[in-house]
Amino acid sequence: MVRCQNEKNYHSEILAINQVFDILSTYFETQNWPEALKKGVSSRKGYVLQNSVDDGQPKELQKDWKLEGSVQKTDSHVLQEQEVILEDTGEDSISESFRLLQINVECERREGETLPTGSAMWCSKNVQRKHRHWEKIVAAKKNKRKQEKDRRKANCVENSCICPQHSKRFLRSLTKDRLLEAKHSGPRLCIDLSMTHHMSKKELSRLAGQIRRLYDSNKKANRPFWIYLTGFTTDSPLYEECLRMNDGFSSYLLDITEEDCFSLFPLETLVYLTPDSEHAFEDIDLNKVYILGGLVDESIQKKVTFQKAREHSVNTAHLPIQEYMVRCQNEKNYHSEILAINQVFDILSTYFETQNWPEALKKGVSSRKGYVLQNSVDDGQPKELQKAKLLEVS
């Protein structure tokens, strides 16, 4: 074969192992090197058969141009010598054919650079460059992990007296014990999920995320609640969404029941927390069961949970937001006491641990709701909205 000019001026004798095998197999059957090479060497390698060039119509590259005659004659002479040698050999000298088809790759030695060894010696310069770049990235990641590990060790040594470190298995066991203890002697919180059939898929996804955040906060609490998910069927879209979004949802330490909360507990022990109630929530009673409406409603239907509580003659209460916080002016002039169930739980959990309503409300009510603590207003520096102007007190 001889070189022929192509668009990229690309010529390569490097073949895939299946191409080399096709050449050997064809030659072993036909004892004809031109036919064998024609089958294994594609035109993209920049080589054509010598007889194709002589005829002026190379089938492999009909649009290519021939190189200078001196180059063709030199390659043709070398190929003819190889064919003469191979014609004198028989079928028993296939190993000699392998020797003739071996590909020699020359590696240029740079100043101060050693030749690659092993498998890297058969790679092109571009592949070697990419490999070196990849090795640098891996080394940088290892170094970063080592520095982060050393930093954590240093922090553990500094804080060993303040907060001793425990294994993850011990912490999981400790969390499990706290939750099981809350089941028997802790406060009870019920999430009413009987209204989810009116919700869209987007609203169900948001509610599933709120349930996950509520459960995570309860696990981290020093004095956790025992959670009930009532009106919750395993074949409902919300259950499927919880399984999809919340890892390990099927193993959550809480009670899941299809029964409605109003039939599960005595009515006199129930307190439905709703922002539409006239009574302010004062203190957590371990003998009571507190209900949160599991409802995400983007259409903002008013008094849905309040009317449901009134239908079953259940006591209601609202969080003491208006009692401890005041409105402040914001860009959208927006003020709302409607909170997500995980935000309400953060308030209840913080109050149950600290017995301090301002601190609890500060944790659960964000500045975007348009409320700040009264003491922040009195000091003149509200932390939640430092740049907001306070409304005029009528």
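Residues numbered from 1 in each chain as written. Predicted model: local features only at pLDDT ≥ 70, side-chain atom pairs only at ≥ 80, totals over all residues. Heavy atoms only, no water.

### Focus: the overall build of the protein
Then step 1. Helix and strand content of the protein: 15 helices and 11 strands.
Then step 2. Considering only contacts within the protein whose residues lie at least 6 apart along the sequence, 74% involve residues at least 24 apart. (Helix = DSSP H or I, 4+ residues; strand = E, 2+ residues; numbered from the N terminus. Contact = heavy atoms within 4.5 Å.)

### Here we look at the packing of helix α8 (residues 201–220) against helix α9 (residues 237–245)
Then step 1. As a packed pair, α8 and α9 sit with axes 9 Å apart at the nearest point and diverge in direction by 55°. When the axis of α8 is compared with that of α9, the two are oblique. Relative to α9, the crossing made by α8 is right-handed. The segment α8 lies against α9, with K201, L204, S205, L207, A208, G209, I211 and R212 engaging P237, L238, E241, C242, R244 and M245. (Axes fitted to C-alpha atoms, helices over the stretch in contact; angles between N-to-C directions. Parallel < 35°, antiparallel > 145°, perpendicular 65-115°, else oblique. Left-handed = near helix turned anticlockwise from the far one by under 90°.)

### Section: the sheet that holds strand β4 (residues 188–192)
Then step 1. Judged by pairing direction, the sheet is parallel, and its 6 strands sit side by side in the order β6-β5-β4-β8-β7-β9 without closing on themselves. With one partner strand each, in any of the chains shown, β6 (255–256) and β9 (315–317) form the two edges of the open sheet.
Then step 2. Of the strand pairs in this sheet, β4 and strand β8 (residues 289–293) are connected by 5 bridges, and their pairing is parallel. Each bridged residue has a counterpart across the sheet, and for C190 the counterpart in β8 is I291. (Pairing = 2+ DSSP bridges.)

### Let's talk about a nonpolar patch on the surface
Then step 1. A cluster of nonpolar side chains, contributed by F170, L171 and L174, occupies part of the molecular surface with about 250 Å² of accessible area.
Then step 2. Tracing the backbone shows F170 in helix α7 (residues 168–185).
Then step 3. Judged by relative accessible area, F170 falls into the partly exposed class, the value being 40%. (Patch = residues over 30% accessible without salt bridge, like charges linked within 9 Å, V, L, I, M, F, W, Y side chains within 5 Å. Areas by Shrake-Rupley, 256 points an atom, 1.4 Å probe, with all protein chains shown as cover. Salt bridge = Lys/Arg side-chain N within 4 Å of Asp/Glu carboxyl O. Buried < 20%, exposed > 50% of the residue type's maximum accessible area, 1.4 Å probe, protein only.)

### Here's the deal with the pattern of salt bridges
Then step 1. Inspection of the entire model under this criterion finds 5 salt bridges.
Then step 2. With its nearest N and O atoms 3.8 Å apart, the salt bridge here joins R152 to E148. Taken as a pair, R152 and E148 lie in helix α6 (residues 125–158) at a separation of 4 residues, close to a single helical turn.
Then step 3. By relative accessible area, which is 45% here, R152 ends up partly exposed.
Then step 4. Its relative accessible area of 32% is what places E148 among the partly exposed residues.
Then step 5. With a closest N to O distance of 2.3 Å, R244 and E241 form a salt bridge. With a gap of 3 residues between them, R244 and E241 both fall in helix α9, about one helical turn apart.
Then step 6. Note on R244: relative accessible area 56%, which makes it exposed.
Then step 7. Among the ionic contacts, a cluster of salt bridges with common partners joins E148, R151 and R152.

### Some remarks on the environment of E181
Then step 1. One can find E181 in helix α7.
Then step 2. For the pair E181 and F225, spaced 44 residues apart in sequence, the C-alpha separation works out to 9.4 Å.

### Considerations on the nonpolar core
Then step 1. Of all hydrophobic cores here, the largest spans 46 residues; its most connected members are L189, I191 and I227.
Then step 2. If you tally residues by element for this core, the top one is helix α13 (residues 341–354), at 7 residues.
Then step 3. Not counting residues within four places of it along the chain, the set of residues in contact with I191 comprises L214, I227, Y228, L229, T230, L292, G294 and I341.
Then step 4. Ranked by size, the runner-up nonpolar core spans 13 residues in total, among them M195, F262, F265 and L270. (Core = buried A, V, L, I, M, F, W, Y, C linked by side-chain atoms within 4.5 Å.)

### Observations concerning unusual backbone geometry
Then step 1. The phi dihedral of S313 falls on the positive side, at around 55°, and the residue is not glycine.
Then step 2. Mapped onto the fold, S313 is located in the loop between α11 (304–311) and β9.
Then step 3. At Q355, a residue that is not glycine, the phi angle is positive and equals roughly 55°.
Then step 4. Mapped onto the secondary structure, Q355 falls in the loop between α13 and α14 (357–364).
Then step 5. Looking at Q355, the relative accessible area reads 45%, which means it is partly exposed.

### What to know about the pairing of strand β5 (residues 226–230)
Then step 1. Counting buried residues in β5 gives 5 out of 5 residues, a clear majority hidden from the surface.
Then step 2. Residues W226, Y228 and T230 point to one face of β5 and I227 and L229 to the other, with burial holding for every one of them.
Then step 3. Bridge analysis of β4 against β5 gives 5 bridges, and the strand direction is parallel. Opposite I191, over in β5, you have L229 as the bridge partner.

### Structural notes on a positive patch on the surface
Then step 1. On the surface, R129, K130, R132 and K136 cluster together into a patch of positive charge.
Then step 2. You can see K136 is positioned in helix α6. (Lys, Arg positive; Asp, Glu negative; His and termini not counted. Charge placed at Lys NZ, Arg CZ, Asp CG, Glu CD.)

### Quick look at the packing of aromatic side chains
Then step 1. Counting across every chain of the model gives 13 aromatic pairs.
Then step 2. The interplanar angle of 15° and the centroid separation of 4.1 Å between the aromatic rings of Y351 and W357 together place this pair among those described as stacked. The pair Y351 / W357 is uniform in exposure class, with both members buried.
Then step 3. A network of ring pairs unites the aromatic residues Y215, F232, Y239, F249 and Y252 as a single cluster.
Then step 4. In this structure, R223 is placed above the aromatic ring of F352, and the distance from its NZ or CZ to the ring centre is 4.0 Å. (Phe/Tyr/Trp six-rings, centres within 6.5 Å; stacked < 30°, edge-to-face > 60°. Lys NZ or Arg CZ within 6 Å of the ring centre and 35° of its normal.)

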